[in-house]
Amino acid sequence: GAKQKAKNGELAFGTVDTWLLWNLARGRQHVTDISNASRTMLFNIHTLEWDEELLALFGIPKNMLPRVLDNDEVKLETAGNIFHNKIPITAIAGDQQAALFGQLCLGEGMVKNTYGTGCFLMMNTGSKPVFSNNRLITTIAWRMNKQTIYALEGSVFIAGAAIQWLRDGLQIIKKSSDVEKLAKSVEDNGGVYFVPAFSGLGAPHWKQDAQGLLTGLSRGTSNGHIARAALEAIAFQSNDVIRSMEEDMGKKVEKMRVDGGASVNNLLLQFQADISGVFIERPEIQETTALGVAYLAGLNSGFWESTEQLQKQWKMQKEFLPEMEEKEKSELLENWKKAVVKSF
């Protein structure tokens, strides 16, 4: 009977943030923010409204949907009977958009990469949406002061999860942090390339039926070579997205700010700088999704007066500069491309 209830206006729909707010406000608020709305496949990122054509296509009554707020319009509070006092709620943001804001990538062309179970690269493209010729996603990053900021995003399905596989599947390391020491036990990858297409390949390939593979094995291959190939695969996949972003934007990526669990790995980040030819900047605070939504909350509650004030908050812990010779880089990239094609 759900379809009839929906038609009767008896059902409400929303993403997790909508559901949380509904409960915190005891059903008095049915809202979401524009960054979450833009990822539902129901929102028009140009008109900034729920899309009538898409709603008709999916058979979803418009009255089910939450009210969409700009990121600086979030000024809600909890219902008085949940906590002793009413607690203000002054920020909502989607995961990767919050990380982009937390890295203070507020200028057009600024890029961040979150190295988690997967990798999530996002580039601020400014006030105009950039449509990708390389299968990247065009999304809303945030909207404040009546100005919409757009972003390009590329998702790598398997990043840190490849290291977990070395730990749990192959059992060549006891804990994930051991991978750097093992990878450093060899001088290079020994001709070994690892394409971790455990669930197909994401951006920019989008090959659902690609399969994971290890290639270039020889009698001299050791656990160290496999560990190094796994770390390099994270950087190779991220590099594929960086190159796609550069093509779509028509300009080179000079710097990339990084966060996420795997960003503590110095060998990975140095290889990323080498293979991509970009300056890698790791901040002191790497929990940037939480930080980004905290920044938005601080702006909306008056704790900070402006984004200019926020810029002073970002502090670099370590920078990684490209050091690899062009010939070596070209050879590595060529072999990586061959390995990716084999995985298809």
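Reading the values: rules and limits
- Sequence positions are assigned chain by chain, starting from 1 and proceeding in written order.
- Where totals are concerned, whole chains, interfaces and linings use all residues; where local detail is concerned, this predicted model gives features only for residues with pLDDT of at least 70, and gives and counts side-chain atom pairs only at 80 or more.
- For side-chain calculations, the full set of non-hydrogen atoms in the structure is used, while hydrogens and water are omitted.
- Starting at the N terminus, helices and strands are each numbered in turn, a helix being any DSSP run of H or I of at least four residues and a strand any DSSP run of E of at least two.
- Summary of the burial criterion: residues with accessible area below 20% of their type's maximum are buried, those above 50% are exposed, and those between are partly exposed, where the area comes from a 1.4 Å probe applied to protein chains only.
- The contact definition used throughout considers only heavy atoms, calling two residues in contact when any of these lie within 4.5 Å.
- Residue-level accessible areas treat just the shown protein chains as cover; the underlying method is Shrake-Rupley with a 1.4 Å probe.
- His is not counted, nor are the chain ends; Lys and Arg add positive charge and Asp and Glu add negative charge.
- A charged residue contributes its charge at one atom only: NZ of Lys, CZ of Arg, CG of Asp or CD of Glu.
- Each residue after the first adds 1.5 Å to the expected span of a helix.
- The directions considered for the arc run from the helix axis to the C-beta atoms.
- Grouping buried Ala, Val, Leu, Ile, Met, Phe, Trp, Tyr and Cys residues that are joined through side-chain atoms within 4.5 Å yields what is termed a nonpolar core.
- Exposure above 30% relative accessible area and no salt bridge define the residues that can form patches, which grow by joining like charges within 9 Å and nonpolar side chains of Val, Leu, Ile, Met, Phe, Trp and Tyr within 5 Å.
- The salt bridge definition used is simple: a Lys or Arg side-chain nitrogen within 4 Å of an Asp or Glu carboxyl oxygen.
- Residues are said to line a cavity or pocket when one of their atoms sits within 4 Å of a point; the points come from a 1 Å grid over protein atoms alone, cavities being sets where a 1.4 Å probe fits but cannot get out and pockets being open sets with protein on both sides within 12 Å along at least five of seven lines.
- Grid points are joined across faces, edges and corners, and a volume is the space filled by probe spheres set on the points.
- Under the scheme applied, nonpolar residues are Ala, Val, Leu, Ile, Met, Phe, Trp, Tyr, Cys and Pro; charged residues are Asp, Glu, Lys and Arg; polar residues are all the others, including Gly.
- Classification of ring pairs rests on two measures: the distance between centres of Phe, Tyr or Trp rings, Trp counted by its six-membered ring, which must be within 6.5 Å, and the angle between planes, read as stacked under 30 degrees, edge-to-face over 60 and tilted in between.
- Lines are fitted to the C-alpha atoms to define the axes, a helix being fitted only along its stretch in contact, and any angle between axes, read from their N-to-C directions, falls within 0 to 180 degrees.
- Oblique is the label for every angle not falling under 35 degrees (roughly parallel), over 145 degrees (roughly antiparallel), or within 65 to 115 degrees (roughly perpendicular).
- A clockwise turn of the near helix away from the far one marks a right-handed crossing, whereas an anticlockwise turn of less than a right angle marks a left-handed crossing.

Draft legend 1. Examining the overall build of the protein chain more closely. Looking only at helices and strands, the protein chain features 12 helices and 15 strands. On the principal axes, the C-alpha backbone points of the protein chain span a range of 70 × 50 × 40 Å. For the protein chain, buried positions account for 52% of its 344 residues. Expressed as a percentage of contacts within the protein chain between residues at least 6 apart in sequence, the contacts between residues at least 24 apart total 70%. Total accessible area computed for the protein chain in this model is approximately 16900 Å², and 51% of it derives from carbon and sulfur atoms. Computed over 37 positive and 40 negative side-chain charges, the inter-centroid distance for the protein chain is 4 Å.

Draft legend 2. The arrangement of helix H12 (residues 326-343) in detail. Along its 18 residues, H12 runs 26 Å from first to last C-alpha, staying within 8% of the 26 Å computed at 1.5 Å per residue. For H12, the full list of buried residues reads Lys329, Leu332, Leu333, Trp336, Ala339, Val340 and Ser343. The buried residues of H12 occupy an angular sector of 120° when projected down its axis, which confines them to one face. Residues of H12 that are exposed and angled more than 90 degrees away from the buried face: Lys327, Glu331, Lys337, Val341 and Lys342. Of the surrounding elements, those touching the buried residues of H12 are strand E11 (193-195), strand E12 (213-215), helix H8 (223-249) and helix H9 (266-276).

Draft legend 3. The nonpolar core, seen in detail. Core analysis: the largest hydrophobic core is formed by 60 residues, its most contacted members being Tyr115 and Leu166. When residues in this core are grouped by element, the largest group, 13 residues, is from H8. If we skip the residues at most four places from it in the chain, Tyr115 touches Ile234, Ser238, Met256, Val258, Asp259, Gly260, Gly261, Ala262, Ser263, Leu268, Leu269 and Gln272. Of all hydrophobic cores here, the second largest spans 18 residues; its members include Met122, Trp142, Ile149 and Trp314.

Draft legend 4. The arrangement of a nonpolar patch on the surface in detail. A cluster of nonpolar side chains, contributed by Val16, Trp19 and Leu20, occupies part of the molecular surface with about 350 Å² of accessible area. For Val16, the location among the structural elements is in helix H2 (residues 16-24).

Draft legend 5. Layout of a negative patch on the surface. Residues Glu187, Asp188, Glu325, Glu328 and Glu331 make up a contiguous surface patch of negative charge. Mapped onto the secondary structure, Asp188 falls in the loop between helix H7 (179-183) and E11. Classification of Asp188 by relative accessible area gives partly exposed; the value is 41%.

Draft legend 6. The arrangement of empty space enclosed by the protein in detail. Enumeration according to the criterion identifies 2 cavities of 30 Å³ or more in this entry. In this structure, the largest cavity spans a volume of roughly 60 Å³. Around the largest cavity, the lining residues are Val156, Leu201, Gly202, Ala203, Pro204, His205, Gln237, Asp240, Trp336 and Val340. Contributing elements (two or more residues each) for the lining of the largest cavity: H8 and H12. Looking at the lining of the largest cavity residue by residue, the class counts come to 6 nonpolar, 3 polar and 1 charged. Taken as a whole, the second largest cavity holds about 40 Å³ of empty space. Those elements giving two or more residues to the lining of the second largest cavity turn out to be H8 and H9. The class makeup of the residues in the lining of the second largest cavity is 4 nonpolar, no polar and 2 charged.

Draft legend 7. Spatial organisation of the packing of aromatic side chains. Summed over the entire model, instances satisfying the criterion amount to 11 aromatic pairs. On the numbers, 5.0 Å between centres and 85° between planes, the contact of Phe101 with Trp142 is edge-to-face. Here Trp142 lies in strand E9 (residues 137-144) and Phe101 lies in helix H5 (residues 95-102), a separation of 41 residues in the sequence. Residue classification places Trp142 among the buried residues on the basis of a relative accessible area of 6%. Aromatic side chains Phe236 and Trp336 sit 4.9 Å apart centroid to centroid with 10° between the ring planes, which places their arrangement in the stacked category. Residue Phe236 is located in helix H8, and its partner Trp336 is located in helix H12; the two are separated by 100 residues in the primary sequence.

Draft legend 8. Highlighting the packing of helix H6 (residues 160-168) against H8. At a minimum axis separation of 9 Å, H6 and H8 run at an interaxial angle of 165°. It follows that H6 is roughly antiparallel to H8 by the angle criterion. For the crossing formed where H6 meets H8, the hand is right-handed. Contacts from Gly160, Ile163 and Leu166 of H6 reach H8 at Ile226, Ala227, Ala230, Leu231 and Ile234. The residue inventory of the contact of H6 with H8, partitioned by class, reads 7 nonpolar, 1 polar and no charged.

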